[in-house]
Amino acid sequence: MSKMMEQKKVAIIGAGISGLAACKFIISKGMVPIVLDARGVIGGVWNETLKSTVLQTPTHMFRFSDFPWSKSVTAEFPMHNQVLDYIKSYAEHFGLLKYIRLNSKVVSIEYEGFSDEEIEGWTHWGHSGNAFAKGSKWRLNVVDAQTNAPLQEVVADFVVLCIGRFSDVPNIPNFPPNKGPEAFKAGKVLHSLQYSAMDFDSAANLIKDKRVTVVGFHKSALDLAMECANTNGPKNPCTLLYRTKHWNPPDTTPWGISLGFLYMNRFAELMIHKPGEGLLLYLLVILFSPIRWLISKLVETHIKRKVKLAKYGMIPKQSFLQDISSCVYAGLPNNFYDKVDEGSIILKKAPSFSFCEEGIMIKGETKPVHSDLVVLATGYRGDLKLKDIFASSTFRDYMFFGDSVVPMYRQCIHPRVPQLAVIGFSESNSNLYTSEIRSRWLAEFLDGTFKLPSVKEMEKDIANWEKCLKLYSGPFYKRGCIATLHNWYNDQLCKDMGWNPKRKKGFFADLFLPYGPTDYAFP
C-alpha cells in the first residue's frame, strides 16, 4: 500500500456500534481513524437504557461477523448490560480503544477545497467518484463535552457520521399555544430520553406511587409502561396513550417457524418488489403475492391467538408485512397484557392530545387523564442531528430530508456531499448486522476497490429504493428500513466490493436458509 494511502485520516463521529465497526475496518486498510464521542464511555445508546431493557434481536442476528458472544451469555435476548459488555469486548479485542477520544463533542464540520458552486456542477461524487480529492479536507470543531472548552481542531481527509438515529434530539410533538407541557401544573413532563439517562434508582423513585402517563407505542413506551406497572400495580395504573396499533410479536417463532425463514431468506424476497429488478423478478412477485399475503396472515393469527388482541381491541389495521417492512414493530414485553388485565396498564387511543392543568386532554374527550408524571416516548429527530452538524447551509439543505426516505446511495453516501459517509442511520431488523457490512463496504471504497457511479446514476438508484420502500412501509417509509430487502441490499454491497453475493453452499440452502452476520465474515 502506498505511503500516501497509509496517512489518510478518517474522522469517525460516534463510538457506538457503527463507529466501532467503521474504526475496525478502516484500520485494516492502513488508514488512521480518529473516533470522537461526546460521551465518557463507548457503546452509544446502550449506556442509557431502562433497567428492564433487553435486546430485541436474537443474538445470532445481533453480533459482529467475526466476534462471537461470550459463552456466559446463554439468553437469546440478553440484558442491556450484557449487550454493552459485548460491544466493549469487541473494541478491546480489536485494539480500537487507542483511536477513541471520549468527552469530545463535535460542534460542527466544515468542508474545505471546493466551493458550493463547484460541487453543484459535479457530474461525479467528489468530482471523480473516488473517496479522496486532492487538496480538500474536513475541519472538525471539537469541544470538551463537559466544560465546552475548545479542544484541538481535527482535520481529516474523510468523515464518517455514526451519530445514530435514536439519541440526543428528542421528537417533541407540536401543541397549540398554551396547551403544551407548560399548561400541566400538577406534575412533570419528561421525554423518554431524559428518563433513560437517569440511574436506575432515581428512575424507580421518580415513578413510585405516581400516576404515570406514557405517550407512544414503540419499544421504549412498552418497556416504560411495564416498569411503571411492576412498580405501582393497579393502585396507580400507568396510562399508555397510542395513536397507531402495531403488531408487537410476543416471540420470534410464530407457529414454531422462525421469522428468519419467513422474511430473511432469498425466497421471501422473491415476493417483494426490489429496486432495479428485471422483468422476470417483477413477474415472480406478482405470481407469489398470495404466498406473501398468507405469510403475513400466519404471523398475525399467531399474535392474535397468543396475546388475545381482539379482547383488548388492539388489532392493527395494517398488515404485519407493513410493520416489519418499516421497522416499527417492537417485541412485546413478557406478561404485558396480564398487566392490562389486572388494571396496572390502561391502554388509551389518542389520535391527538394536548396538556391541561391536571394532565392530558385527549381530543374528543371531556375529562382529562389525571397524571403526576407524563413521559413522552415519542421518538427522536436523528434527521436534525445529521443536518445541524454541517457548518455549510448548502450541506444542511442537502441533509434535510423532508418527506423523503434517507436519500443516500447504498444508504450511506449523499450524492452531493463529498468525502463523507453516514453509517447507522437508516434501519434494518438488526442494526448491528447492517452497520457492520456498510462499514466493510466503506473501507473497501476508501481503499480504492471501486468508484461510485455518476451523481445522476446514484440519484436514480436512490429514487428506485424510495419507490420500493414506500410500497410496503406505508406512512412509516421515512425510516429507510431495509428489513424485507436485506439480502438484495447486501448483494449490491457485495457486487461493489467484488464479492460473490451468494454466500451459502448449494441452490436450496441459498434460497431458503436465512442470511445472517456470519455469512459475511470473509470475502
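Report on the accompanying structure. Numbers given to residues run from 1 along each chain, matching the order in which its sequence is written. The predicted origin of the model limits local features to residues at a pLDDT of at least 70 and limits the giving and counting of side-chain atom pairs to 80 or more, whereas totals for whole chains, interfaces and linings rest on all residues. Side-chain numbers here rest on the full set of heavy atoms in the structure, without hydrogens or water.

## Section: the sheet that holds strand E2 (residues 32-36)
When DSSP finds two or more bridges between a pair of strands, those strands are recorded as paired. To qualify as a helix, a DSSP run of H or I must reach at least 4 residues; to qualify as a strand, a run of E must reach at least 2; elements of each kind are numbered from the N terminus. Here 5 strands make up an open sheet; going across it, the order is E3-E2-E1-E7-E16 and the pairing parallel. Edge positions in the sheet fall to strand E3 (100-101) and strand E16 (420-422), since each has one partner strand and no second. As judged from the 4 bridges shared by strand E1 (residues 9-13) and strand E7 (residues 158-161), these two strands associate in the parallel manner. By the bridge assignment, Ile13 is partnered in E7 with Leu161. In the packing of helix H2 (residues 17-28) onto the sheet, contacts are made with E1, E2, E3 and E7, and the angle to E1 comes to roughly 170 degrees. Helix H15 (residues 431-446) contacts E1, E7 and E16 of the sheet and is inclined by roughly 175 degrees relative to E7. The contact criterion used is simple: two residues touch if any of their non-hydrogen atoms lie within 4.5 Å. For every element, the axis is a line fit to its C-alpha atoms; helices are fit only across the contacting stretch, and the angle between N-to-C directions ranges from 0 to 180 degrees.

## Focus: the pattern of salt bridges
Here, a salt bridge means any Lys or Arg side-chain nitrogen found within 4 Å of an Asp or Glu carboxyl oxygen. Enumeration according to the criterion identifies 24 salt bridges in this entry. Where Asp372 meets Arg211, a salt bridge forms, and the shortest distance between an N and an O atom there is 3.1 Å. In this pair, Asp372 sits in the loop between strand E14 (369-370) and strand E15 (373-376) while Arg211 sits in the loop between helix H6 (200-207) and strand E9 (212-215), placing the two residues 161 residues apart along the sequence. Summary of the burial criterion: residues with accessible area below 20% of their type's maximum are buried, those above 50% are exposed, and those between are partly exposed, where the area comes from a 1.4 Å probe applied to protein chains only. Taking the relative accessible area as the measure of exposure, Asp372 reaches 23% and is therefore partly exposed. When salt bridges that share partners are traced, they join Lys29, Glu444 and Asp447 into one network.

## Brief notes about the packing of H2 against H15
Axis separation between H2 and H15 bottoms out at 8 Å; the angle between their running directions is 35 degrees. Considering only the axes of H2 and H15, their crossing is right-handed. Counted together, Ile17, Ser18, Ala21, Ala22, Phe25 and Ile26 of H2 and Leu432, Ser435, Glu436, Ser439, Arg440, Ala443 and Leu446 of H15 form the full contact between these two elements. Side-chain classes are defined by residue name, with Ala, Val, Leu, Ile, Met, Phe, Trp, Tyr, Cys and Pro counting as nonpolar, Asp, Glu, Lys and Arg as charged, and the others, Gly among them, as polar. Classifying every residue of the contact of H2 with H15 gives 8 nonpolar, 3 polar and 2 charged. Should the near helix be turned anticlockwise from the far one by less than a right angle, the crossing is left-handed, and should it be turned clockwise, the crossing is right-handed.

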